[in-house]
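Each chain, letter by letter, is given below.
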Amino acid sequence: MKIVESPHEAYAHADHWRREGLSIGLVPTMGALHAGHFSLVRRSTQECDVTAASIFVNPTQFSPEEDLSRYPRTLEDDLAGLRELGCGLVFVPQPQQVYPEGFSTYVSPPATAKPLEGRFRPDHFRGVTTVVIKLFQILPASIAYFGQKDFQQLAVIKKMVEDLNVPIRVVSCATIREEDGLALSSRNRYLSAEERERALCLSRALNQVHSLVSQGLSQVAQLEHEMHRILKPATDSIDYATIVDRETLDPMVEIDRPAVALIAAHVGKTRLIDNRLIGE
Ligand code: AMP
């Protein structure tokens, strides 16, 4: 497995593979890898000739008051896990290699970046789309793999790829969960045992909405009320718990088309997100 810091070197490897007619799968991550990340890598190794992963805690997607400096970093374990899965290349740049002195060009993200996370983390998707388009240039893959766990991120990246004619297929991978329902996240390691227990309310609220819709309830206001009822006693604050159109992320009144229920809430100092597709 090649471990590469320099964007030029990473591109040279990818270019060489492409000239040899090999398909490249790309799995962008911020490290602190868990079974969710590894499921993306596994899918890539099954579908592509070569898999490249990136590990980069992208400073431009964090606001000044967020957890950039204390974001978990477990590079040795990450590399061991990737090697075991047959990853061909890991791109681990230093921040100044991605954003050298004088860097000043950013992507203006699509409309789907405005609601939800966009309301609470205003520049987040500008940073995400900018780093993703850079990774797509540095490692020009055939397919890029992203988790449904970050549903809005996936929607934003798909739209950017469509709007900017980026010649990469974006594939969505199912959310990997603990047995009790908690969606795997690098941030789960911040949770104390007591907070970990309370964090289960996110998946519980999403499951409840899913089962109410299966039973025929279709009024979004009622469903959102039910999510808040479950989340309120177990969380410290709720940023949103809502149901929106699965494509546009526009608000909905009734579940009359494919939708998605999304939650962002704080448990202790940790901000957790989760989602579930509704009305398939
Ligand atoms: P991150 O390191 O948090 O930026 O995540 C890197 C990629 O892994 C993103 O595409 C995430 O959506 C995906 N991912 C994170 N957690 C999970 C999970 N529990 N199941 C599946 N994919 C995930």
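The shown structure was predicted, so the numbers you read here are calculated from the model rather than taken from an experiment.

1. Observations concerning the side chain of Asp 78
- When you line up the elements, Asp 78 lands in helix H3 (residues 75-84).
- Despite its burial, Asp 78 pairs with no opposite charge; the closest candidate is Arg 189, at 6.4 Å N-O.
- When residues no more than four places from it in sequence are discounted, the contact partners of Asp 78 are Gly 31, Ala 32, Leu 33 and Ile 55.

2. Section: the domain arrangement of the protein chain
- Under the domain assignment used here, the protein chain contains domain 1 (2-173) and domain 2 (186-275).
- Relative to domain 2, the C-alpha centre of domain 1 lies at a distance of 26 Å.
- Taken residue by residue, the interface counts 22 residues in domain 1 and 19 residues in domain 2.
- Between Arg 187 and Asp 67 there is a salt bridge, with its nearest N and O atoms 3.0 Å apart.
- When contributions to the side of domain 1 that touches domain 2 are tallied by element, the ones reaching two or more residues are helix H5 (117-120) and helix H7 (151-163).
- Ranked by the residues each element gives to the side of domain 1 that touches domain 2, the list is headed by H7, at 3 residues.
- Classifying every residue of the side of domain 1 that touches domain 2 by side-chain character gives 9 nonpolar, 7 polar and 6 charged.

3. As for the sheet that holds strand S8 (residues 259-267)
- Reading across the sheet, the 3 strands line up as S7-S8-S9 and stay open at both edges, with antiparallel pairing between neighbours. Edge positions in the sheet fall to strand S7 (237-245) and strand S9 (270-278), since each of these pairs with one other strand and no more. The sheet shows a mean angle of 10 degrees between the axes of neighbouring strands, direction not considered.
- Against the sheet, helix H9 (residues 200-214) contacts S7, S8 and S9, and its axis sits at roughly 15 degrees relative to S9.

4. Some words on the pairing of strand S2 (residues 24-29)
- Counting buried positions along S2 yields 6 of 6 residues, so the element is predominantly enclosed.
- With burial as the criterion, each face of S2 is covered, one bearing Ile 24, Leu 26 and Pro 28 and the other bearing Gly 25, Val 27 and Thr 29.
- Here S2 runs beside strand S3 (residues 50-55); their pairing, made up of 6 bridges, is parallel. Across the sheet, residue Gly 25 finds its bridge partner in S3, namely Thr 51.
- One crossover worth recording links S2 to the parallel S3 by way of helix H2 (residues 35-47), and it is right-handed.

5. Thoughts on the site of the ligand
- His 37, Gly 147, Asp 150, Ile 176 and Leu 184 are the nearest of the 17 residues found near the ligand.
- Between the ligand and Met 30 there is a distance of 2.9 Å, counted from an oxygen atom to a backbone nitrogen or oxygen.
- Note that an oxygen atom of the ligand is positioned 2.9 Å from one of the backbone N or O atoms of Gly 147.
- Contact with the protein chains covers 92% of the free accessible surface of the ligand, which is 480 Å².
- Per element, the largest residue contribution to the shell around the ligand is 3 residues, and it comes from H2.

6. Here's the deal with unusual backbone geometry
- The residue Leu 116 is not glycine, and still its phi comes out positive at about 55 degrees.
- Of note in the backbone geometry, Leu 249 takes a positive phi value of approximately 65 degrees without being a glycine.
- Assessed through its relative accessible area of 2%, Leu 249 is described here as buried.

7. A short note on the packing of helix H6 (residues 124-138) against H7
- Running from amino to carboxyl end, H6 crosses H7 at an angle of 55 degrees, the nearest separation of the two axes being 11 Å. Here H6 is positioned oblique relative to H7, judged by the angle of their axes. Where H6 crosses over H7, the two elements pack in a sense that is right-handed. Residue-level inspection shows Phe 125, Val 128, Thr 129, Val 132, Ile 133 and Phe 136 of H6 in contact with H7, the latter providing Gln 152, Gln 153, Val 156, Ile 157, Met 160 and Val 161.

8. As for H2
- With 13 residues, H2 should reach 18 Å at 1.5 Å per residue; the first-to-last C-alpha distance of 18 Å fits that figure.
- Contact partners of the buried residues in H2: S2, S3, H3, strand S5 (143-147) and strand S6 (169-173).

9. Brief notes about the sheet that holds S6
- One open sheet holds the 6 strands; their spatial order is S1-S4-S3-S2-S5-S6, and the pairing between them is parallel. The two strands at the open ends of the sheet, each matched to only one other strand, are strand S1 (2-4) and S6. Looking at each pair of strands side by side, their axes are set apart by 25 degrees on average, direction ignored.
- Judged from the 3 bridges that link them, S1 and strand S4 (residues 89-91) form a sheet pairing that is parallel. By the bridge assignment for S4, Ile 3 is matched with Val 90.
- Of the strands in this sheet, S2, S3, S5 and S6 are in contact with H2, which crosses S5 at around 155 degrees.

Rules used throughout
- Residues numbered from 1 in each chain as written.
- Predicted model: local features only at pLDDT ≥ 70, side-chain atom pairs only at ≥ 80, totals over all residues.
- Heavy atoms only, no water.
- Helix = DSSP H or I, 4+ residues; strand = E, 2+ residues; numbered from the N terminus.
- Buried < 20%, exposed > 50% of the residue type's maximum accessible area, 1.4 Å probe, protein only.
- Lys, Arg positive; Asp, Glu negative; His and termini not counted.
- Salt bridge = Lys/Arg side-chain N within 4 Å of Asp/Glu carboxyl O.
- Contact = heavy atoms within 4.5 Å.
- Domains from an automatic or database assignment.
- Nonpolar A, V, L, I, M, F, W, Y, C, P; charged D, E, K, R; others polar.
- Pairing = 2+ DSSP bridges.
- Axes fitted to C-alpha atoms, helices over the stretch in contact; angles between N-to-C directions.
- Right-handed = clockwise from strand over helix to strand, strands pointing away.
- Near = heavy atom within 4 Å.
- Polar contact = N/O pair within 3.5 Å; in protein donor to acceptor, adjacent residues only side chain to side chain.
- Areas by Shrake-Rupley, 256 points an atom, 1.4 Å probe, with all protein chains shown as cover.
- Parallel < 35°, antiparallel > 145°, perpendicular 65-115°, else oblique.
- Left-handed = near helix turned anticlockwise from the far one by under 90°.
- Expected span 1.5 Å × (residues − 1).

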